[in-house]
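Descriptive analysis of the structure
Chain by chain, the residues run as shown.
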Amino acid sequence: MDDQRTVAIHADDELAELPDVAPAIRPATTFEHQDKPGGRTYRRASHETVERLEAVLGALDGGHAVVYPSGMAAIAAIVRRLRPRRIALPDDVYHGTRLFVDEGAGHGDWSTVTPDALEAGDIRWIETPSNPKGLITDLDRAAAECGDGIVTVVDATFATPVLLRPLEFGIDVVVHAATKFIAGHSDAMGGALVVRDLELAAKLRSDRTRDGAVPGALESWLTLRGVRTLPIRVRHQTETAGRIATWLTDHVPTVWYAGLPTHPGHEVAAKQMDGFGAIVSFEMDTADEAREAVDRLRIFRNATSLGGVESLAEHRVRSDPAAPPGLVRLSIGLESPEDLIEDLNDALPG
Ligand code: PLP
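Described in the following lines is the structure provided in the data block. All values reported here derive from a predicted model rather than from experimental measurement. (Residues numbered from 1 in each chain as written. Predicted model: local features only at pLDDT ≥ 70, side-chain atom pairs only at ≥ 80, totals over all residues. Heavy atoms only, no water.)

Attention now moves to the pairing of strand E7 (residues 191-195). Burial runs high along E7: five of the five residues are buried. Across five bridges, strand E1 (residues 64-68) lies against E7 in antiparallel orientation. Across the sheet, His-64 pairs through a bridge with Val-195, a residue of E7. For strand E6 (residues 173-177) and E7, the ladder comprises five bridges, and the chain directions are antiparallel. The residue of E7 that forms the bridge with His-176 is Ala-192. (Buried < 20%, exposed > 50% of the residue type's maximum accessible area, 1.4 Å probe, protein only. Helix = DSSP H or I, 4+ residues; strand = E, 2+ residues; numbered from the N terminus. Pairing = 2+ DSSP bridges.)

Following this line, the structure appears as structure tokens:
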């Protein structure tokens with residue numbers, strides 16, 4: 001069962017507790033005590049749907065998955081578990097991650113440094129492709145630079161395990177905002193950590209039970225249903241994104257997409273990924289031009305977030321004050337590429 005299309009649908013088969021072909025939604029928070037070992041007792045400690053989702057996500061990334069109620073909950077969980085003295089963040093990174101790390105530094109929990117100042121026990125944080133510019137980090141190089149002791153964490157939300165499996169490069173921890181492509185329908189929040197070390201996964205689960213950061217039954221179920229089609233969706237969305245990025249190069253001043261040969265990360269992305277992903281950012285000359293272009297779009301919805309079946313466009317400074325003023329981020333969905341290009345053509349000036 002190597003093909004991810006099969007993995008996404010069957011990796012959890014053996015964990016099914018009922019003969020139902022589709023997993024049941026199981027809302028119970030508590031279970032009758034049983035006089036045999038290993039039974040379930042309370043939902044914060046264990047739940048069938050959570051375990052099935054973890055089996056699928058772990059198999060897709062080649063590690064052990066632990067799931068959370070959001071991407072940020074996963075990020076907080078791994079940083080708190082590792083308790084680093086220093087964290088190195090990349091320049092272009094999800095603004096929520098930056099806020100979490102900067103506030104912790106402000107409280108004296110750790111300090112933020114450049115990667116060359118890291119020591120054993122510290123965290124090198126990587127986001128590839130990054131949000132919003134799709135910048136690429138060379139994972140072979142990062143893993144080699146960090147050597148033993150420095151923990152490498154890769155937020156691979158934009159790539160998903162379909163396009164990038166960081167553990168194969170020697171990375172220690174993968175983060176996914178499952179809210180995005182993994183759930184895939186803009187209707188469920190979730191997060192996941194995928195780690196190589198079984199002992200670390202067990203500690204993360206026990207932290208999660210203690211802290212109560214468990215995903216709800218319905219959210220886990222929706223995410224499990226969403227992940228079944230992840231490989232198909234991501235490949236299709238990526239193909240459309242490539243066409244749109246190429247089209248945009250003739251219509252806007254700057255396009256940020258690692259699939260374009262002009263992107264600074266193109267060669268590394270081509271080497272380490274199985275495709276360039278479904279997020280395309282572009283820059284207009286001014287913030288007004290960017291906002292007006294987004295306002296004129298009809299099929300692309302003007303909204304934050306990404307990874308769903310519907311295409312979204314966001315004038316990024318609305319959510320991320322550090323984004324360039326003229327930057328628009330597109331999340332390419334599953335609509336017809338021709339319709340999306342026509343929508344952009346009608347919305348962009350001249
Ligand atoms: N990481 C990246 C790259 C993201 O884009 C996001 C959200 O946009 C997150 C993490 C946080 O995920 P969530 O919104 O599920 O907490």
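Moving on: the site of the ligand. In the vicinity of the ligand, 14 residues are found, and the nearest of them are Gly-71, Met-72, Asp-155, Thr-179 and Lys-180. The contact in question runs from an oxygen atom of the ligand to an N or O atom on the side chain of Thr-179, over 2.6 Å. Note that an oxygen atom of the ligand is positioned 2.9 Å from one of the side-chain N or O atoms of Lys-180. Within the complex, the protein chains bury 94% of what would otherwise be the 390 Å² of accessible surface of the ligand. With respect to the pocket detection grid, the ligand is positioned in the largest pocket. In terms of residues, the shell around the ligand owes the most to one element, helix H3 (residues 71-82), which gives three residues. (Near = heavy atom within 4 Å. Polar contact = N/O pair within 3.5 Å; in protein donor to acceptor, adjacent residues only side chain to side chain. Areas by Shrake-Rupley, 256 points an atom, 1.4 Å probe, with all protein chains shown as cover. 1 Å grid on protein atoms, 1.4 Å probe; cavity = no way out; pocket = protein on both sides within 12 Å on 5 of 7 lines; lining within 4 Å. Sits in = over half its atoms within 2 Å of the grid points.)

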